[in-house]
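A closer look at the structure
The residues making up each chain are set out below.
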Amino acid sequence: MEAFSLFWRLLVYIIVLNLYICCMYKIKSAWLRFRDVFFDSFLKGQSFAFWGILIIGINFVLLHAQGFASDMEFWRHWIKMLQSGVGNFTGDYPPLYILWLRVVAVVYNVTNLSLDMDYELKQLCLFPVILAHISLAHFVWLRLKNRSWAIELKWVAMLLVVANPAFYLDGPVWGQVDVLPVTICVWALWYASRPKTYALGMALFVLGLLTKFQMITFLPVFGALSFRYRKIIWQAILSAGGVFLVVFLPFILSGTFVKEFSQAYFSTLNSYPYAAMNAGNLWMALVGNMTPDSRPLFDFAPAFLNPGLIGKILFVLVSVAVMVVAFFKRLSAGKLMVLASFNALAFFMLLPCMHERYVLASAIMCIAGAVCLKKFSLTWPLVLSILAFVNIAMMISIRGAAIWFWIALAGMVALLLFGYQLLFPNHYQRTLAKVGRLPVPGVVPYVLLAVIYFIDFGASYAQMSESAYKLKDNETFVYDLKLLVQEEGYGTSQIGKTIDGNPLHLNGQLFVEGIGTHSPSRHVYLLPPNADRFRVSCGVDDESGNGVVEFIILVDDREAWRSGRMEGRQIASADVDVSGARTIALVTDELGAKNFDHADWVNPVLTTK
């Protein structure tokens, strides 16, 4: 049922995309003239559409992966604070992304969607990140499309952006936003390197700083450009100041500007006083992970010989050297980006308090810079991408049962295409060439992204509304009663989620309310004196591969109901009289082996008299 639903949702995406493309060729000549002007400025490049669509597809598949639990809780906590306005926000994050989370909070207010659903949470929180990823690929494509390089080199350069595993581990898998601010800085440096667009570039750089403070790593290059264009620096001050005021305006109006500025840019400086935070940098090699950055490097060393001070001195020296080179050498935009990438690598490798993700900025900037050069060099974009990937992979990997459907679908498509190529090689090449020449406008991925969000989030909202149980005045969920005993064969039982922390699904149907556990398990609750009846549905969750479970309900330690043997894709329901009883126990039996026995009690409702 779930795979069937995913198939039809994918079919709707394809139909809508085709309808959109057909409409593009039937619009009026006035729109065509406007389109030409619009595309010439940013969105021109017909073949880019296929790269953008590929980015969207990979992102939406990997959004189903299990995120990093503690960071997902940060998003939930912040969204709850922002549901009543930005004035209540107390997190340590820069303002631009917080304003987006405020939009997300409004969506949750309007729809009443559950914040416990990870896929929908990541889908909303990471919309700007996916958009930035498409924009970064578009930047690279615009630099490549008129190059005379070999087609293989162009493919490699595009794949480093479109299919870079570090980007996806950081973004849709983990739920982080690092691609967004670095992409803003890529465009910023491209514009800031030219006198005519210098002010726009500096405004974008400030926007990057207002998205994530770690973009300060690119300051030496932007500082050198400001010295170079000092006669027009007033333009940058006006444009950057305008961006600063606009972004902070909601906080100014709510009277929390000082608090937000302080907690975003000052309170974080001492939040993690460690030499390395899971980052494979110099300090991880010398002193290890999570070592205080104030501890001397070796026994009997002076107190000032510590990672905190030495790291800052080394990075300042590198930054000054980078700034001097950027000012005196009069480098092109591509070489400035490569230089900025080097400074970002030094930022990660030399400074203390680095997280594993921060090296990603160097990889992104290096890829963007490499495609701007006259001669493309694969070495450093590839090396930095690998370095970013292995650092992030040490913390998180791709897991999640919902991804299996898409993996299976991709495998079937690959099988058909591979067979088609082997059986009809000439026809395959002609077809591929025709597809590559299709005049699909470069704006299609951006429109498709909006369409997918509308359809996908609308479907989630409809499914949520349909599956949410509405309690009556005389009803309560059993897990809201006093819990006397809780035992499970693996992990820790969760409310509203499976034992692995995913939404509850039985036979393809989503359930918002319930208990996710692992057999053998036992949950005993104290009944109120006016208890009347207990109703519940149960089954093996769809995320289980081969679970076999029997569900049992005990009332005052006497068996009141038994489901019998249950496997996946089966649902059983119970209606038990509990009047006059003191306790009720929800028990699961593993029936032998307990592998993957992910058991769900859904909509466990107690009725009172």
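Residues numbered from 1 in each chain as written. Predicted model: local features only at pLDDT ≥ 70, side-chain atom pairs only at ≥ 80, totals over all residues. Heavy atoms only, no water.

1. Examining the overall build of the protein chain
Across its full length, the protein chain holds 22 helices and 15 strands. C-alpha extents for the protein chain along the principal axes are approximately 85 × 75 × 50 Å. The buried share of the protein chain, reckoned over its 609 residues, is 52%. Taking all contacts inside the protein chain whose residues are at least 6 apart in sequence as the whole, residues at least 24 apart take part in 76%. Considering the protein chain, the positive charge centre built from 47 side chains and the negative charge centre built from 40 side chains are found 20 Å apart. (Helix = DSSP H or I, 4+ residues; strand = E, 2+ residues; numbered from the N terminus. Buried < 20%, exposed > 50% of the residue type's maximum accessible area, 1.4 Å probe, protein only. Contact = heavy atoms within 4.5 Å. Lys, Arg positive; Asp, Glu negative; His and termini not counted. Charge placed at Lys NZ, Arg CZ, Asp CG, Glu CD.)

2. Quick look at the pairing of strand 9 (residues 521-526)
Looking at chain direction, strand 4 (residues 482-487) and strand 9 are connected through 5 bridges and run antiparallel. Residue pairing across strands places Gln486 opposite His523, the latter belonging to strand 9. Here strand 9 pairs with strand 14 (residues 583-589) via 6 bridges, running antiparallel. Paired with Ser521 across the strands is Thr588, a residue of strand 14. (Pairing = 2+ DSSP bridges.)

3. Remarks on the sheet that holds strand 11 (residues 549-555)
One key point about sheets: their strands pair by backbone hydrogen bonds, in either a parallel or an antiparallel sense. Taken in spatial order, the 5 strands of this open sheet run 4-9-14-11-12, and their pairing is antiparallel. With partners counted over all chains shown, the strands left at the sheet margins are strand 4 and strand 12 (558-566), one partner each. The mean inter-strand angle of the sheet, taken between neighbouring strand axes irrespective of direction, is 10 degrees. Inspection of the sheet shows strand 11 paired to strand 12 by 6 bridges, in the antiparallel sense. Residue pairing across strands places Ile553 opposite Trp561, the latter belonging to strand 12. (Axes fitted to C-alpha atoms, helices over the stretch in contact; angles between N-to-C directions.)

4. Some words on helix 17 (residues 333-350)
For helix 17, built from 18 residues, the straight-helix expectation of 26 Å at 1.5 Å per residue is met to within 8% by its first-to-last C-alpha distance of 25 Å. Taking burial as the measure, the 18 residues of helix 17 include 14 buried ones, the bulk of the element. (Expected span 1.5 Å × (residues − 1).)

5. Observations concerning the packing of aromatic side chains
By the definition in use, this model includes 34 aromatic pairs. Arranged with centres 5.1 Å apart and planes meeting at 70 degrees, the rings of Trp51 and Trp155 form a pair that is edge-to-face. Taken together, the positions of Trp51 in helix 3 (residues 48-62) and Trp155 in helix 8 (residues 151-162) put the pair 104 residues apart, joining distant regions of the chain. When the ring of Tyr420 is compared with that of Tyr428, the centres are 5.7 Å apart and the planes differ by 80 degrees; the resulting orientation is edge-to-face. Three or more aromatic residues joined by ring pairs make a cluster, and in this case those are Phe213, Phe244, Phe248, Phe251, Phe257, Phe261 and Tyr265. (Phe/Tyr/Trp six-rings, centres within 6.5 Å; stacked < 30°, edge-to-face > 60°.)

6. Quick notes on the nonpolar core
Judged by nonpolar contacts, the single largest core of 141 residues is most densely connected at Trp75 and Phe218. Once residues lying within four places of it in the same chain are set aside, the contact partners of Phe218 are Val182, Cys185, Phe205, Ala340, Ala344, Ala361 and Met365. By size, the runner-up hydrophobic cluster in this structure holds 29 residues, among which are Leu527, Phe534, Trp561 and Leu586. (Core = buried A, V, L, I, M, F, W, Y, C linked by side-chain atoms within 4.5 Å.)

7. So, the packing of helix 4 (residues 69-82) against helix 5 (residues 95-111)
The N-to-C vectors of helix 4 and helix 5 enclose an angle of 75 degrees; their axes lie 8 Å apart at closest approach. In terms of their interaxial angle, helix 4 and helix 5 are classed as roughly perpendicular. In this structure, helix 4 contributes Trp75, Trp78, Ile79 and Leu82 to the contact, and helix 5 contributes Tyr97, Ile98, Leu101, Arg102, Val104, Ala105 and Tyr108. Looking at the contact of helix 4 with helix 5, its residues break down into 10 nonpolar, no polar and 1 charged. (Parallel < 35°, antiparallel > 145°, perpendicular 65-115°, else oblique. Nonpolar A, V, L, I, M, F, W, Y, C, P; charged D, E, K, R; others polar.)

8. Brief notes about a nonpolar patch on the surface
A contiguous nonpolar surface patch, about 420 Å² in accessible area, is contributed by Val156, Leu378, Leu382, Ile386, Phe389 and Val390. At 4 residues, the largest contribution of residues to the nonpolar patch is made by helix 19 (residues 379-393). One can find Val156 in helix 8. Classification of Val156 as partly exposed rests on a relative accessible area of 32%. (Patch = residues over 30% accessible without salt bridge, like charges linked within 9 Å, V, L, I, M, F, W, Y side chains within 5 Å. Areas by Shrake-Rupley, 256 points an atom, 1.4 Å probe, with all protein chains shown as cover. Salt bridge = Lys/Arg side-chain N within 4 Å of Asp/Glu carboxyl O.)

9. What about the environment of Thr492?
With respect to the secondary-structure elements, Thr492 resides in the loop between strand 4 and strand 5 (494-495). Along the sequence, Thr492 and His505 sit 13 residues apart, while their C-alpha atoms lie 18 Å from each other. Ignoring sequence-local partners within four residues, the contact set of Thr492 consists of Gln486 and Ile499.

10. Concerning helix 10 (residues 179-192)
Here helix 10 is 14 residues long and its end C-alpha atoms lie 20 Å apart, about the 20 Å a rise of 1.5 Å per residue gives. Where burial is concerned, most of helix 10 is hidden: 13 out of the 14 residues are buried.

11. Some points on the packing of helix 3 against helix 9 (residues 165-174)
Contact geometry for helix 3 and helix 9: axes closest at 8 Å, N-to-C directions at 55 degrees. By the angle class used here, helix 3 and helix 9 are oblique. The two elements helix 3 and helix 9 cross, and the hand of that crossing is right-handed. Contacts between helix 3 and helix 9 involve Ile55, Ile58, Asn59 and Leu62 from the former and Tyr168, Pro172 and Val173 from the latter. (Left-handed = near helix turned anticlockwise from the far one by under 90°.)

12. Observations regarding the environment of Gly491
Among the secondary structure elements, Gly491 is positioned in the loop between strand 4 and strand 5. Note on Gly491: relative accessible area 45%, which makes it partly exposed.

13. With respect to the pattern of salt bridges
For the structure on display, the rule yields 13 salt bridges. Across the pair Arg357 and Asp178 runs a salt bridge, and its minimum N-O distance is 3.3 Å. Of this pair, Arg357 sits in the loop between strand 2 (354-355) and helix 18 (360-370) while Asp178 sits in the loop between helix 9 and helix 10, and the two are 179 residues apart along the sequence. Residue class for Arg357 comes out buried when judged on its relative accessible area of 8%. Close ionic contact of Glu356 with Arg357 constitutes a salt bridge, the shortest N to O distance being 3.2 Å. The burial state of Glu356 is the same as that of Arg357; both residues are buried. Salt bridges here are not isolated pairs; linked through shared partners, they connect Asp170, Asp178, Lys212, Glu356 and Arg357.

14. Let's talk about the confidence of the model for the protein chain
Here the protein chain averages 87 in pLDDT, and 91% of its residues register 70 or above. Within the protein chain, the lowest mean pLDDT, 45, falls on helix 2 (residues 29-43), and the highest, 97, falls on helix 10. With pLDDT under 50 throughout, residues 33-45 is counted as low confidence; its partners more than four residues away or in other chains account for 22 contacts. (pLDDT = per-residue confidence, 0-100.)

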